[in-house]
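Structural description and commentary
Single-letter residue listing:
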Amino acid sequence: MKIAQLASALLVAFVSLAGAQQPAMGRLEGIDSAYTEYLTQVLEHWAPAHAEAPEAGPVAITCLATANADGYVGMLQLAKIHAPLSVVEGVLDDVDHFKDLFPDTVDVHVVPDTQAGARYATAWVQRAAIFFMPDISYEMSHLVDKTTPERVVYRYKLRRGDRLIASDGMVVLEATGPATTQFTEYDFFNGHWDLIPTWIVWRESLRGAFHSDLAIKLKAENPTWSYARIAAEAKRLTSAQSDRLQRCFAERHTAPRQADEPQGTALRHEARTQPPDR
């Protein structure tokens, strides 16, 4: 919810239609991925966050690998945001400012004539990690669920793309207090990477995801800050975590394909209790 340079450009995140009140249980338009069913199961067996959950730095991130597909990027990100649910929701609902939150985004907008209640599509153009490569263009389908009290789900999936062949994910926001929100994001995507090494695909994906999650957190916690200040601070904090992101890639877990409540809870608990950032 939700993906930066080459691979991060493909890591898309979570758009919502303000005031949408339709449930996110239906099927999303677009291309099913290897994780479409898994994400559906995660939502069906969702275990609510708790206010007393420990805080592992500004963003906790776990890298999730796909067997026999090194270029298939997966990650689970969690953050405790010190702002009410409605404020965080407002940040994610503001599609017009997504290019200020996601690094290297040239343009993002709602595709005309795709809005239908809680469903709509967005079109993205992002710069590639390597200067001589063309911009990356793709569209995402979105479905937003605001029907559960104190929880909002942003579900998204690839609609069409050029080099991107799969992208599937979701962001879940949960109120854990009057002024705190638990942010949980799952992302899985794959593409035609040509001769670009796998480690570069992962590096740029992790950098972009970490940056955008920090930008969302910073904007929700500091609503008066300009987007230029948000971007500069998110870039600084992300750069300081480069070693940690490299360890995430080196220590990546095999991504699960089936979800039940104990398993899903355990995976999120493991990510949430990572050692705090240094």
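For the structure itself, consult the block above.
So, here is what we can say about the structure in this document. (Residues numbered from 1 in each chain as written. Predicted model: local features only at pLDDT ≥ 70, side-chain atom pairs only at ≥ 80, totals over all residues. Heavy atoms only, no water.)

Our focus in this paragraph is the overall build of the chain. Within the chain, the regular secondary structure consists of seven helices and nine strands. The 278 residues of the chain split such that 58% are buried. (Helix = DSSP H or I, 4+ residues; strand = E, 2+ residues; numbered from the N terminus. Buried < 20%, exposed > 50% of the residue type's maximum accessible area, 1.4 Å probe, protein only.)

Turning our eyes to something else, we now look at helix H5 (residues 227–240). In an α-helix, one turn spans 3.6 residues, which is why side chains three or four residues apart end up on the same side. With 14 residues, H5 should cover 20 Å at 1.5 Å per step; its first-to-last C-alpha distance of 20 Å lies within 8% of that length. What H5 keeps buried is the set Tyr 227, Ile 230, Ala 234 and Thr 238. On an axial view of H5, the arc spanned by its buried residues comes to 60°, and they lie on one face. Projecting away from the buried face of H5 at angles above 90 degrees are the exposed residues Ala 228, Lys 235 and Ala 240. Packed against the buried residues of H5 are helix H3 (98–101), helix H4 (198–221) and helix H6 (242–250). (Expected span 1.5 Å × (residues − 1). Arc of directions from axis to C-beta. Contact = heavy atoms within 4.5 Å.)

It is worth spelling out H4 at this point. With 24 residues, H4 should cover 34 Å at 1.5 Å per step; its first-to-last C-alpha distance of 35 Å lies within 8% of that length. With 19 of its 24 residues buried, H4 lies for the most part within the structure.

Attention now goes to the layout of surface pockets. Reported here for the second largest pocket is a volume of approximately 340 Å³. Surrounding the second largest pocket, 15 residues form its lining, Arg 203, Arg 207, Thr 238, Ser 242 and Leu 245 being those nearest its centre. Only H4, H5 and H6 provide two or more residues apiece to the lining of the second largest pocket. Counting residues per element, the lining of the second largest pocket draws most heavily on H4, at six residues. By residue class, the composition of the lining of the second largest pocket is six nonpolar, six polar and three charged. (1 Å grid on protein atoms, 1.4 Å probe; cavity = no way out; pocket = protein on both sides within 12 Å on 5 of 7 lines; lining within 4 Å. Points joined across faces, edges and corners; volume = space filled by probe spheres on them. Nonpolar A, V, L, I, M, F, W, Y, C, P; charged D, E, K, R; others polar.)

In this section: unusual backbone geometry. At Asn 68, a position not held by glycine, the phi torsion is positive, near 65°. With respect to the helices and strands, the residue Asn 68 is situated in the loop between strand S1 (60–65) and strand S2 (73–81). Even without being glycine, Asp 113 reaches a positive phi, approximately 65°. One can find Asp 113 in the loop between strand S3 (105–110) and strand S4 (119–126). By relative accessible area, which is 85% here, Asp 113 ends up exposed.

Moving on: the nonpolar core. In terms of nonpolar packing, the biggest core is built from 52 residues, with Leu 101, Leu 173 and Leu 206 touching the most fellow members. A per-element tally of this core places H4 first, with eleven residues. Beyond its immediate sequence surroundings of up to four residues, Leu 173 is in contact with Leu 85, Val 88, Glu 89, Leu 92, Glu 150, Arg 151, Val 152, Tyr 154, Thr 181, Gln 182 and Phe 183. Listed in part, the 17 residues of the second largest apolar core include Tyr 35, Leu 64, Ala 166 and Met 170. (Core = buried A, V, L, I, M, F, W, Y, C linked by side-chain atoms within 4.5 Å.)

Right, let's get into the sheet that holds strand S9 (residues 253–254). Strand-to-strand pairing in sheets goes through backbone hydrogen bonds, with the strands running parallel or antiparallel. In space, the nine strands of this open sheet follow the order S3-S4-S5-S6-S7-S8-S2-S1-S9, with mixed pairing throughout. Edge positions in the open sheet fall to S3 and S9, since each of these has one partner strand only. Here seven bridges tie strand S6 (residues 151–161) to strand S7 (residues 164–177), and the two strands are oriented antiparallel to one another. Bridge assignment links Val 152 to a residue of S7, and that residue is Leu 173. Docked against the sheet, helix H2 (residues 85–93) engages S2, S6, S7 and strand S8 (180–191), running at close to 160° with respect to S7. (Pairing = 2+ DSSP bridges. Axes fitted to C-alpha atoms, helices over the stretch in contact; angles between N-to-C directions.)

Scanning the entire structure with this criterion turns up ten aromatic pairs. The interplanar angle of 85° and the centroid separation of 6.2 Å between the aromatic rings of Tyr 38 and Phe 188 together place this pair among those described as edge-to-face. Of the two residues, Tyr 38 is situated in helix H1 (residues 36–44) and Phe 188 in strand S8; the sequence distance between them amounts to 150 residues. For the pair Tyr 38 and Phe 188, one class covers both residues: buried. When the centroid spacing of 6.1 Å and the interplanar angle of 10° are considered together, the rings of Trp 124 and Tyr 138 count as stacked. In this pair, Trp 124 is assigned in strand S4 and Tyr 138 in strand S5 (residues 136–145), connecting sequence segments 14 residues apart. Among the residues examined, Trp 124 registers a relative accessible area of 1% and is labelled buried. (Phe/Tyr/Trp six-rings, centres within 6.5 Å; stacked < 30°, edge-to-face > 60°.)

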